[in-house]
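# A look at the structure
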Amino acid sequence: MSEPVVVTHSCASYPVYVEPGLLTQLDAIAGEQLKDKRIAMIADAVVHQLYLQGRLGRVSWSGETLTVPPGESSKTRDTWARLSNQLLDRRFGRDSGLIGLGGGVTGDLTGFVAATYMRGLPYILVPTTLLAMVDASVGGKTGVNTPHGKNLIGAFHPPAAVLADPLTLATLPEREYRSGLAEAVKHGLIADPHYFDWLEAHTAEILSRESHVVAHLVRRSVAIKAEVVSQDEREAGRRAILNAGHTVAHALEQASQYELTHGEAVALGLIAECVIAEHIGAASKGLSQRVGNLLNRLGLSTRLPRPLDRSAVIRGMEMDKKNRGNSIHLALAARPGEMYRRTGWTTAVSEEDIRAGLAAVEVA
Ligand code: NAD
Ligand code: GLY
């Protein structure tokens with residue numbers, strides 16, 4: 001296998017492998033990473049159908065499997081309880097390990113089951129969406145949504161390893177593939193101007209999923225995220241930059257009743273938050289236009305598909321975990337590759353600023 005990206009955390013470190021064909025060796029790799037454990041796989045039902053039962057049969061896996069219906073509506077305490085109960089019914093003990101196979105929903109759920117089952121089990125993530133490969137599988141944030149908002153119940157619980165096989169992206173629907181690109185744009189915007197330029201220069205190859213271009217994109221994004229989370233595992237400071245665009249995005253997802261995918265909401269959130277940055281003088285004029293152009297060229301919409309109640313979106317933002325006191329705090333970019341940092345990694349913004357940002361992504 002090629003060299004992994006290594007993520008360090010308070011207790012140890014873990015490898016993130018990005019390699020075409022990796023999943024043909026899953027049984028063997030899981031046996032090494034979760035040595036002497038009784039292993040259960042938690043799999044997205046669509047991915048299970050495609051890769052474990054279907055004609056693709058690319059994943060080598062002979063152990064026990066629990067499935068999760070696809071989509072954000074599965075990321076709940078109910079699903080967490082059902083999965084935990086299924087493990088208890090099957091008498092999985094403390095000497096067990098888990099594998100999460102699927103997108104960010106399955107990964108966040110598997111991680112949260114692993115964090116809580118018998119006070120904590122080791123687990124491996126096997127991301128099969130672009131979004132989960134470039135972002136959700138790295139960094140150890142696990143959790144579920146509640147009617148109050150996204151990711152409000154959860155735990156930091158890093159995986160033992162991440163195995164990303166870009167060959168699985170061949171079956172990913174176009175909409176989901178493009179959704180993942182929003183997180184890649186975020187990585188360029190928050191930490192690496194050269195990567196941002198590279199994304200701008202390779203939109204055609206990215207959209208046609210040219211294998212070496214996709215592999216580079218996944219590796220570069222993973223490396224950026226790994227560097228940030230290795231420095232600040234529990235988000236005491238700089239890790240907040242990974243939330244660029246997300247304060248607006250989470251509120252839009254919730255207000256749209258999850259009609260928007262996470263990545264579509266992140267694209268809109270990045271534009272809205274860049275407009276806010278321009279509005280308060282944190283970024284120079286033109287940043288939101290440049291970010292919007294890139295997202296648009298990557299096939300992401302820069303406007304909401306239908307009107308959403310602006311006050312409901314602001315109420316959603318009020319539940320964000322970065323808020324302090326009564327003010328909404330955003331992680332704002334100053335220019336590609338550089339964050340605005342006058343008062344820290346996040347900046348308090350007013351309701352008027354937020355309304356200006358939301359207006360920029362409303363239905364034309
Ligand atoms: P997802 O997990 O819902 O997957 C999207 C869809 O793709 C699903 O319908 C799934 O069945 C399908 N799918 C998955 N792999 C496939 C494949 N190879 N071929 C065909 N279909 C496939 O969504 P997502 O975009 O992967 O993840 C979004 C979630 O990730 C959100 O809940 C978000 O909050 C979370 N997230 C977490 C972190 C973190 O740090 N923990 C970071 C970013 C996002
Ligand atoms: N997606 C935000 C983070 O991982 O910190």
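Everything that follows concerns the structure shown earlier in this document.
Scope of this entry: the structure provided in the associated data block. (Residues numbered from 1 in each chain as written. Chains lettered and ligands numbered in written order. Predicted model: local features only at pLDDT ≥ 70, side-chain atom pairs only at ≥ 80, totals over all residues. Heavy atoms only, no water.)

### Brief notes about the pattern of salt bridges
In the structure shown here, the tally under the stated rule is 21 salt bridges. Glu235 serves as the salt-bridge partner of Lys141, at 2.5 Å between the closest nitrogen and oxygen. With a gap of 94 residues between them, Lys141 in strand E7 (residues 141-146) and Glu235 in the loop between helix H9 (211-231) and helix H10 (246-255) connect regions that are remote in the sequence. Accessibility expressed as a relative area gives 22% for Glu235, which makes it partly exposed. Between Arg310 and Glu362 there is a salt bridge, with its nearest N and O atoms 2.6 Å apart. Here Arg310, found in helix H13 (residues 310-317), pairs with Glu362, found in the segment after helix H14 (351-361); they are 52 residues apart in sequence, far enough to count as distant. Connected through shared salt-bridge partners, Asp135, Glu183, Lys186 and Lys225 make up one network. (Salt bridge = Lys/Arg side-chain N within 4 Å of Asp/Glu carboxyl O. Helix = DSSP H or I, 4+ residues; strand = E, 2+ residues; numbered from the N terminus. Buried < 20%, exposed > 50% of the residue type's maximum accessible area, 1.4 Å probe, protein only.)

### A look at the side chain of His187
With respect to the helices, strands and loops of the structure, His187 is situated in helix H6 (residues 174-191). Under the relative-accessibility criterion, His187 is labelled buried at 0%. Within the local environment of His187, its side chain forms a polar contact with the side chain of Asp135, the two groups lying 3.1 Å apart. Residue contacts for His187: discarding those within four places in its chain leaves Val134, Asp135, Asp192, Tyr195, Ser221, Ile224, Lys225 and Leu242. (Polar contact = N/O pair within 3.5 Å; in protein donor to acceptor, adjacent residues only side chain to side chain. Contact = heavy atoms within 4.5 Å.)

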